[in-house]
Amino acid sequence: MIFSFKFSVSALRRGVPPSYPHVVRRGGCNTAAFMPEAAGFEGVSGRAALQEFSVSNSEDFWAAVARQRLSWIRPFHTVQDCDLSRGRIKWFQGGMLNVSVNCLDRQVHICPERVALIWERDERGSEVRYTYRQLLEMTCRVGNLLKRHGVRKGDCVTIYMPTCPLAVASMLACARIGAAHNVVFAGFSADALAERIRDAQSSIVITMNQGVRGGKVTELKKTVDTAVQSCPTVRHVFVAMRTETLVPMTDRDVLMDEMLKEDVVCEPAAMNSEDVLFLLYTSGSTGKPKGLVHTQAGYLLYAALTQRYVFSYHDGDVFGCVADIGWITGHSYIVYGPLANGATTVLFESTPVYPDPGRYWETVERLKINQFYGAPTAIRLLLKYGDQWVNKYDRSSLKTLGSVGEPINTEAWEWYHRVVGEGRCPVVDTWWQTETGGICIAPKPSEPDEEIVPGMAMRPFFGIKPVLMDTEGKVLTANNTSGALCIAQPWPGMARTIHNNHERFIETYCQPYPGYFFTGDGAYRSPKGYYQITGRLDDVINVSGHRIGTAEIEDVVNQCPAVAESAVIGYSHDIKGQGIYAFVVLKKNMKIKEEDLYKQLNSVVSEKIAKYACPDFILLVKRLPKTRSGKIMRRVLRKVVESDLDSLGDLSTLDDPAAVQEIIEGHAKISMK
């Protein structure tokens, strides 16, 4: 089965930047029309009041939304049983449901021929569409195949696949039969994959012969073969064919062709609300990945609610999240959120610059995408190539632009808004984490004419109560202040534990500020009460007693006309405690003397922040070390500057590992001066 055709089955600054009004209006705010459940919330009028109600009357809010938005096999009897200080988080107890039924069967019942997935393959112009009926049948076939090979309720299946329809069907098939899934990003090395398989204790791995991305082929089956050599629990490897290339097969391997022999009906398992839906591994400060656990009802509800309201999604829209399914963004905003809402969701297999820097915008034009959700690093990359690649294509279908993964700098935000969105699309800079399950702070939802401030996540979502804490663990109540970002009460979408290590979960998230969920991020709350993420707290630099977030410096550096993007880290300094080291990428074809650039950067940083924030070292590089999902690997930069090259760790997850060697050589030259 070559998986390139359609199945024929019966598928921060203290100086706040100028704000922009939300220019897309849908008339006045009728609260009940906006959220039907609000009709039962006495005295609630307007979205700000709705948010306040969702926090102060959390159980009433979530109970009403859960009853209305999810299809239950058995209703829940207890809305929540949570104690953050002890790491106990339980929602909708007594309830039973099946996540795949909520994502597929109920959509098929209403509109079976609605398009569920548009697979934007690496080869431009060769997209493939799958209806909800086709996706349900594919899911059932995979579910039956897994059951025939011994997968039972409570097992965990590891999925090592690129973003494609069969990966989505595999996730949903696990949910259908009551197995958990563990999706591992298909750029991880064999060692990294093996570590995750062993921790999840998977007996089944699903993969492809090869992956295709940006015109390059990756040997996925070969990586799995190497990984499972050290994974004694693995009994079978299921292999789908993305290309025509044959790969070596063993007695352990099963071709996914076998699924075509399976029935198109698979009885859905009745799952308790708090049964495990999936594990997803994220980096930890110790270097050992954390297998975060998300459960059934609460996660699905939160993903669906945020997808609809943060992006102003309406029935019939085409939702374009260009992340990878290997990350939480892909789980929540490619798969579970959109499908639970009956949306048409795009699976983007390629890169922003393949075969040219117009790829995103050509895709928007061809697929008529209404909501576009991407990473700041990609926006900054495309900004380098100029406006012409954007203006070449019709983007009139766009209604909302989103940003995810890290704080977006002001220049990139304004380019995204002005050029890509033609000044008419609101830009939602979203803050959330693997741990939170879905978006927690974003400019939307808000009243139609409320302002949006560039570079700020701004407003907490329904049910989210952010607080800032000082170094002594006290809540900071004033505005125009910075502190450690915590969330004061539980919400349904949050992770429940770390797989096989609840003690680590409590130590990481619950103990630093007892009674609060500690995010690990720092934030600034503006005079108007808006939130701006200042970066990880371990990305805070202390220069001569002055604490400053790396994201704050990067935002200012990126405003320099010659700069495309930057990464800032702290390093040990004999006098100041920590110094500031900036890695800078120039815009394409930009010609400027290094001496002049250094003067410009120091001048703008001094002006916008303070002299103490000026970089001690500036290294010009062609590219920054990034994961395939677009996150800058500041940990790698720190190791290079600290001359701790033996601890660089696994670089196979980087988009371009060669970037690290270039940085090592550049730093060596600076060190010799």
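Residues numbered from 1 in each chain as written. Predicted model: local features only at pLDDT ≥ 70, side-chain atom pairs only at ≥ 80, totals over all residues. Heavy atoms only, no water.

As recorded in an unreviewed UniProt entry, the protein goes by the name Acetyl-coenzyme A synthetase, listed as coming from Oryzias sinensis. Here the protein is described in UniProt, under the heading Sequence similarities (unreviewed entry), as follows: "Belongs to the ATP-dependent AMP-binding enzyme family." (UniProt positions renumbered as here; feature names shortened; annotations may be inferred.)

Student: Quick rundown of the confidence of the model for the protein? Include the residues and the values.
Tutor: Across the protein, the average pLDDT comes to 91, with 95% of residues at 70 or higher. Across residues 1-16, confidence stays below pLDDT 50; counting only partners more than four residues off in sequence or on other chains, it has 70 contacts. In this model residues 22-28 is a low-confidence stretch, pLDDT under 50, and it forms 15 contacts with partners more than four residues away in sequence or in other chains. (pLDDT = per-residue confidence, 0-100. Contact = heavy atoms within 4.5 Å.)

Student: Could you give an account of the pattern of salt bridges, naming the residues involved and the relevant values?
Tutor: The full count for this structure, using the stated rule, is 40 salt bridges. One salt bridge connects glutamate 472 with lysine 474, and the closest N-O pair in it is separated by 3.8 Å. Residue glutamate 472 shares its accessibility class with lysine 474, and that shared class is exposed. Via salt bridges that share partners, Glu120, Glu127, Arg129, Arg359, Glu362 and Arg366 belong to a single interconnected network. (Salt bridge = Lys/Arg side-chain N within 4 Å of Asp/Glu carboxyl O. Buried < 20%, exposed > 50% of the residue type's maximum accessible area, 1.4 Å probe, protein only.)

Student: Run through the UniProt feature "domain: Acetyl-coenzyme A synthetase N-terminal" (unreviewed entry) in the protein, naming residues and quoting values.
Tutor: On the UniProt side, "domain: Acetyl-coenzyme A synthetase N-terminal" (unreviewed entry) is annotated at positions that read residues 49-103 here. With 45% helix and 25% strand, residues 49-103 has its two end C-alpha atoms placed 30 Å apart. (Helix = DSSP H or I, 4+ residues; strand = E, 2+ residues; numbered from the N terminus.)

Student: Could you give me a rundown of helix H15 (residues 502-510), with the residues and numbers involved?
Tutor: What H15 keeps buried is the set Arg504, Phe505, Ile506, Tyr509 and Cys510. Of the surrounding secondary structure, the elements contacted by the buried residues of H15 are strand S3 (88-93), strand S16 (290-295), strand S28 (497-498) and strand S29 (517-525).

Student: How would you summarise the state of the cysteines if you had to cite specific residues and measurements?
Tutor: Under the definition given, this model contains 0 disulfides. Between cysteine 425, a cysteine without a disulfide, and cysteine 321, which holds the nearest cysteine sulfur, the sulfur-to-sulfur distance is 17 Å. According to the relative accessible area criterion, cysteine 425 is buried, its value standing at 0%. (Disulfide = S-S within 2.5 Å.)

Student: Give a detailed account of the nonpolar core, specifying residues and quantitative values.
Tutor: In terms of nonpolar packing, the biggest core is built from 140 residues, with Phe61, Phe92, Leu146, Leu166, Tyr336 and Leu339 touching the most fellow members. The contact partners of phenylalanine 92, leaving out residues within four places of it in the chain, are Trp62, Ala66, Trp72, Phe76, Thr78, Val79, Ser273, Ala297, Gly298, Leu301 and Pro492. If you look at the next biggest cluster of nonpolar residues, it comprises 34 residues, including Leu367, Leu382, Tyr416 and Met456. (Core = buried A, V, L, I, M, F, W, Y, C linked by side-chain atoms within 4.5 Å.)

Student: I'd like to hear about the packing of aromatic side chains, residue by residue, with values.
Tutor: One pass over the structure, following the stated rule, counts 38 aromatic pairs. Here tryptophan 62 and tyrosine 302 contribute two aromatic rings whose centre-to-centre distance is 6.0 Å and whose plane-to-plane angle is 50°, an arrangement assigned as tilted. With a gap of 240 residues between them, tryptophan 62 in helix H3 (residues 58-69) and tyrosine 302 in helix H9 (residues 296-310) connect regions that are remote in the sequence. The class of tyrosine 302 is buried, set by a relative accessible area of 0%. A centroid spacing of 6.1 Å and a plane angle of 85° characterise the contact between tyrosine 309 and phenylalanine 462, whose relative ring orientation is edge-to-face. (Phe/Tyr/Trp six-rings, centres within 6.5 Å; stacked < 30°, edge-to-face > 60°.)

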